[in-house]
Amino acid sequence: MLKNLINLLFPKLCNGCNSLLLQNEKIICTDCRHQLPLTQHHLLKDNYTTKKFYGIIPIEFSCSMLYFHKKGIVQNLIHNLKYRNHQEIGTFLGNWYANDLREIAKEYSFSEIIPVPLHPKRLKERGYNQVTTFCKALSENLEIEYNETLLYRNVYSKTQTKKNKEARSEINNSLFDVKFTATDSGKHFLLIDDVITSGATLEACARALLKIPNSKISIITIAYTDS
């Protein structure tokens, strides 16, 4: 009775379409789950995410889970995850995507999962990094170490979301840096972000990680959108 009363007063809504969730539904409704635009990038080495970095930085492997469309389900999911503290979305998507990535993880032998970091000031403002739960879900399911201290952001800047490709490309290598030791040499880092648009932020992060001797970089994002 108490549970029913709580659900009545604080109804659980779908993070994709904002409709009322049924008793057996969690995070998103069944309709939204079936409509999620999965990219299947993990099955194609020459995928759109990979093409972002051709001739720019050496990437071993890269893929995105979902296609991002304006006013679509994925935009709602990312917005709720990033700005409304619905971190359970990251866990839900990470648990799901891990099943698709098991063979990939074995093939590429990723050493550590690295989240794209927030500047400490931004982290304090938001209270959390929106990719943390997605990273941790992948880490637990694929048994890959999660490391959120190796890569850091040393410049505070306004959000990149509304910048065009030209403006975003001006992100320079000084935005990110690494704190590494000799034990980090030769590792294969799996860099994780929420959405890839121009790829400029991930490029800057990858260049910082490539300062580590003999390191290799792969990239996974929750969503892909054309710049």
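What this report covers is the structure whose coordinates are included nearby. Per chain, the residues get numbers from 1 upward, laid out in the order the sequence is written. The predicted nature of this model means local features are confined to residues of pLDDT at least 70 and side-chain atom pairs, given and counted, to a pLDDT of 80 or more, with totals for whole chains, interfaces and linings taken over all residues. The side-chain figures draw on all heavy atoms in the structure; neither hydrogens nor water molecules are used.

### Things to note about the overall build of the protein chain
Think of it this way: any DSSP run of H or I at least four residues long counts as a helix, any run of E at least two long counts as a strand, and we number them from the N terminus. For the protein chain, the count of helices and strands is nine helices and seven strands. Evaluated residue by residue, the protein chain yields a buried proportion of 50% over its 227 residues. Here the contacts in the protein chain between residues at least 6 apart in sequence split such that 76% fall between residues at least 24 apart. Note on areas: these come from Shrake-Rupley sampling with a 1.4 Å probe, and a residue is covered only by the protein chains present in the view. Only carbon and sulfur atoms are counted for the fraction: they give 52% of the accessible area of the protein chain, which is about 12,400 Å². Three exposure classes are used, based on accessible area relative to the maximum for each residue type with a 1.4 Å probe and protein chains only: buried under 20%, partly exposed in between, and exposed over 50%. In this analysis, two residues are considered to be in contact whenever any of their non-hydrogen atoms come within 4.5 Å of each other.

### So, the pairing of strand β1 (residues 62-67)
For β1, the tally of buried residues reaches five of six residues, placing the bulk of the element in the interior. Both β1 and strand β7 (residues 216-224) contribute to a ladder of five bridges, which runs parallel. Of the residues in β7, the one forming a bridge with Y67 is Y224. Paired strands are those between which DSSP finds at least two bridges.

### With respect to the packing of aromatic side chains
Between the rings of Phe, Tyr and Trp (Trp by its six-membered ring), a pair exists once the centres lie within 6.5 Å; its type follows the angle of the planes, with under 30 degrees stacked, over 60 edge-to-face, and the other angles tilted. Enumeration according to the criterion identifies five aromatic pairs in this entry. With a centroid separation of 5.8 Å and an interplanar angle of 25°, the aromatic rings of Y48 and Y224 are classed as stacked. With Y48 in helix α3 (residues 48-51) and Y224 in strand β7, the pair connects residues that are 176 residues apart, well separated along the chain. Y48 sits in the partly exposed class, given a relative accessible area of 46%. Ring centres of Y108 and F110 lie 6.0 Å apart, and the angle between their planes is 5°; this geometry places the pair in the stacked category. Grouping residues by exposure puts Y108 and F110 together as buried. Grouping aromatic residues by their ring pairs yields a cluster made of Y48, Y67 and Y224. In this structure, R33 packs its charged tip against the face of W96, placed 4.5 Å from the ring centre. Look at NZ for Lys and CZ for Arg. If either is within 6 Å of the ring centre and within 35 degrees of the ring normal, a charge sits over the ring. Lying across the ring of Y156, K121 places its NZ or CZ 4.5 Å from the centre.

### Let's talk about the environment of F92
Following the sequence through the fold, F92 ends up in helix α5 (residues 88-108). Considering only alpha carbons, one finds F92 and K26, 66 residues apart in sequence, at a separation of 9.0 Å. Beyond its immediate stretch of four places on either side in the chain, F92 contacts I27, I28 and R33.

### Looking at the pattern of salt bridges
Each reported salt bridge corresponds to a side-chain nitrogen of Lys or Arg within 4 Å of a carboxyl oxygen of Asp or Glu. Considering all chains together, one arrives at eight salt bridges under this definition. The partner of R122 in a salt bridge is E125, and the shortest N-O contact between them spans 3.2 Å. Of this pair, R122 and E125 both sit in helix α6 (residues 120-126), three residues apart, which is roughly one turn of the helix. Residues R207 and E203 are paired through a salt bridge, measuring 3.1 Å at the closest nitrogen-oxygen approach. Taken together, the positions of R207 and E203, both in helix α9 (residues 200-209) and four residues apart, correspond to about one turn of that helix. A single network of salt bridges, built from pairs that share partners, joins E112, D184 and K187.

### Description of the packing of α5 against helix α7 (residues 132-142)
The N-to-C vectors of α5 and α7 enclose an angle of 40°; their axes lie 8 Å apart at closest approach. The pairing of α5 with α7 is recorded here as oblique in orientation. Between α5 and α7 the crossing geometry is right-handed. Between α5, through G90, T91, L93, G94, N95, Y97, A98, L101, R102 and A105, and α7, the contact on the second element is made entirely by T133, F134, A137, L138, N141 and L142. Here an axis means a line fitted to C-alpha atoms, over the contact stretch when the element is a helix, while the angle between two N-to-C directions is reported on a 0 to 180 degree scale. Note on angle classes: values under 35 degrees are labelled roughly parallel, values over 145 roughly antiparallel, values of 65 to 115 roughly perpendicular, and the remainder oblique. The sense of a crossing depends on the near helix, which, turned anticlockwise from the far helix by less than a right angle, makes the crossing left-handed and, turned clockwise, makes it right-handed.

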